[in-house]
Amino acid sequence: MEVVKFDIIFGSFMAFLKHHLKTEFAITFFKEFISYKDLNDDFLQHFKPYFMDFANKRFPEDAKLYHEAQAFANLTNIKKLYPAARRLKRKIIFHAGVTNSGKTHMALERLKQATYGVYCAPLRLLAHEIYVRLNQGGVKCTLMTGQESREIPMATHTSCTIEMLNLNQVMEVVILDEIQMINDEQRGRVWTRALLGVCAAEVHLCGDASAIPIVQKLCEQVGETIEVCNYHRHNE
């Protein structure tokens, strides 16, 4: 609920209690808890069922919106998230290796063969580098970053920063580069969103092998499996 709307509903609830409760407890309640901002967690949890019952009856539309938002924010069953992606039989391929091991090159070769495809980078400069490489290789590619957009007429591919990935667009091949960033406290949610929500027949993940366990766990929870391809530096 919006803060202003919550204030109105809570105020109405307090007035209702004050009118109907004449017990010593009610008197203590209003002396010690004048503002809902001062309520401690235990007290809130005790009164939440009564408050929600009141809100459901007196403010049904607002209560409905609250319950819908609460259900959407519940991540205990991630299989319900991103239904469009769940309807696809996605093939997840993890290209695992250190820098300069050839993992991203192999994924890019597959991207070039696709009718429609997207490359997602963690950095604007990397997205630009792939944008240039694809166009120079004869693959018409558009660039999309938070700072820059370069539309190429009749483009079939897009190179973008991962935040710019369009989850509503159905692609043949999508590359999520530097997938180990899924463990990052600041930006990990963006890679999680992309992994779970991208609509593509093939999703190619490129990055360090340390990310394999968390990727496997997420994929298992939505009924998907991953194929792992390991790469080593050419001079090793």
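Remember, predicted model here, so these are calculated numbers, not experimental data. (Residues numbered from 1 in each chain as written. Predicted model: local features only at pLDDT ≥ 70, side-chain atom pairs only at ≥ 80, totals over all residues. Heavy atoms only, no water.)

1. Side note on the nonpolar core
Generally speaking, nonpolar side chains in soluble globular proteins are found buried as a group. Note the cut-off: Definition used in this section: a nonpolar core is a set of buried Ala, Val, Leu, Ile, Met, Phe, Trp, Tyr and Cys residues joined via side-chain atoms within 4.5 Å. Exposure classes here rest on a 1.4 Å probe applied to the protein chains alone. A residue is buried below 20% of its type maximum, exposed above 50%, and partly exposed in between. The secondary structure listing takes helices from DSSP runs of H or I that are at least 4 residues long and strands from runs of E that are at least 2 residues long, numbered from the N terminus. We call two residues in contact whenever any of their non-hydrogen atoms come within 4.5 Å of each other.
The biggest cluster of nonpolar side chains holds 32 residues, and the ones touching the most others in it are Phe94, Leu176 and Leu205. Only strand E1 (91-96), strand E2 (117-121), strand E6 (170-177), helix H8 (188-197), strand E7 (199-207) and helix H9 (212-221) provide two or more residues apiece to this core. A per-element tally of this core places H8 first, with five residues. With residues near it in sequence (within four places) discarded, Leu176 still touches Cys120, Ile162, Leu165, Ala194, Leu195, Val203, His204, Leu205 and Cys206.

2. Quick look at the sheet that holds E2
Worth spelling out the cut-off: One bridge is not enough; two strands pair if DSSP finds at least two bridges between them.
Here we have eight strands laid out as an open sheet, ordered E4-E3-E5-E2-E6-E7-E1-E8, and mixed in their pairing. Either end of the sheet is taken by a strand with one partner, and the two such strands are strand E4 (149-150) and strand E8 (226-230).

3. Description of the pairing of E6
Inclusion rule: By the criterion used throughout, a crossover qualifies as right-handed when its path from the first strand across the helix to the second strand runs clockwise, the strands pointing away from the viewer.
In terms of burial, E6 is a largely internal element, six of the eight residues being buried. Bridge analysis of E2 against E6 gives four bridges, and the strand direction is parallel. Along E6, the bridge assignment pairs Gly117 with Val173. Pairing of E6 with E7 involves seven bridges; the strand directions are parallel. The residue of E7 that forms the bridge with Val174 is Val203. With H8 bridging E6 and its parallel neighbour E7, the resulting β-α-β unit is right-handed.

4. Brief notes about the packing of H8 against H9
Keep this limit in mind: Note on method: axes are straight lines fitted to C-alpha atoms, helices fitted across the in-contact stretch only, with angles between N-to-C directions ranging 0 to 180 degrees. In these notes the angle categories are as follows: under 35 degrees is roughly parallel, over 145 is roughly antiparallel, 65 to 115 is roughly perpendicular, and the rest is oblique. The crossing is said to be left-handed when, going from far helix to near helix, the turn is anticlockwise and less than a right angle, and right-handed when the turn is clockwise.
Where H8 contacts H9, the axes come no closer than 11 Å and their chain directions differ by 45 degrees. As the angle between them shows, H8 and H9 are arranged oblique. Two packed elements cross with a definite hand, and for H8 against H9 that hand is right-handed. On H9, the residues that touch Thr192, Leu195 and Leu196 of H8 are Val215, Leu218 and Cys219.

5. Brief notes about the confidence of the model for the protein chain
Selection rule: One number per residue, pLDDT, summarises how confident the predictor is, and it ranges from 0 to 100.
With 72% of its residues at a pLDDT of at least 70, the protein chain reaches an overall mean of 83. For the protein chain, helix H2 (residues 24-32) is the element with the lowest average pLDDT, namely 51, and E2 is the one with the highest, namely 98. Predicted confidence for residues 33-38 stays below pLDDT 50, and this span has 10 contacts to residues more than four positions away or in other chains.

6. Structural notes on H8
The buried count for H8 comes to seven of 10 residues, which makes it a mostly enclosed element. Looking at H8, one finds that the buried residues are Gly188, Val190, Trp191, Ala194, Leu195, Leu196 and Gly197. As for H8, its buried residues are in contact with helix H5 (83-86), E6, E7 and H9.

7. Focus: the environment of Gly188
Along the chain, the position of Gly188 falls in helix H8. With near-sequence residues (within four places) excluded, Gly188 lies in contact with Met181 and Ile182.

8. Concerning the side chain of Lys103
The condition is simple: Working convention for charge: Lys and Arg count positive, Asp and Glu count negative, and His plus the chain ends are omitted. Counted as salt bridges are all cases of a side-chain nitrogen of Lys or Arg within 4 Å of a carboxyl oxygen of Asp or Glu. By the criterion applied in these results, polar contacts are pairs of N or O atoms within 3.5 Å in which, for protein atoms, one can donate a hydrogen and the other can accept it, and in which residues neighboring in sequence qualify only through two side-chain atoms.
Counting through the fold element by element, Lys103 comes out in helix H6 (residues 103-113). Among buried charged residues, Lys103 stands out as having no salt bridge; its nearest opposite-charge side chain is Glu178, 5.5 Å away. Within the local environment of Lys103, its side chain forms a polar contact with the backbone oxygen of Val98, the two atoms lying 3.0 Å apart. Setting aside its immediate chain neighbours within four residues, Lys103 contacts His95, Ala96, Gly97, Val98, Cys206, Gly207 and Tyr231.

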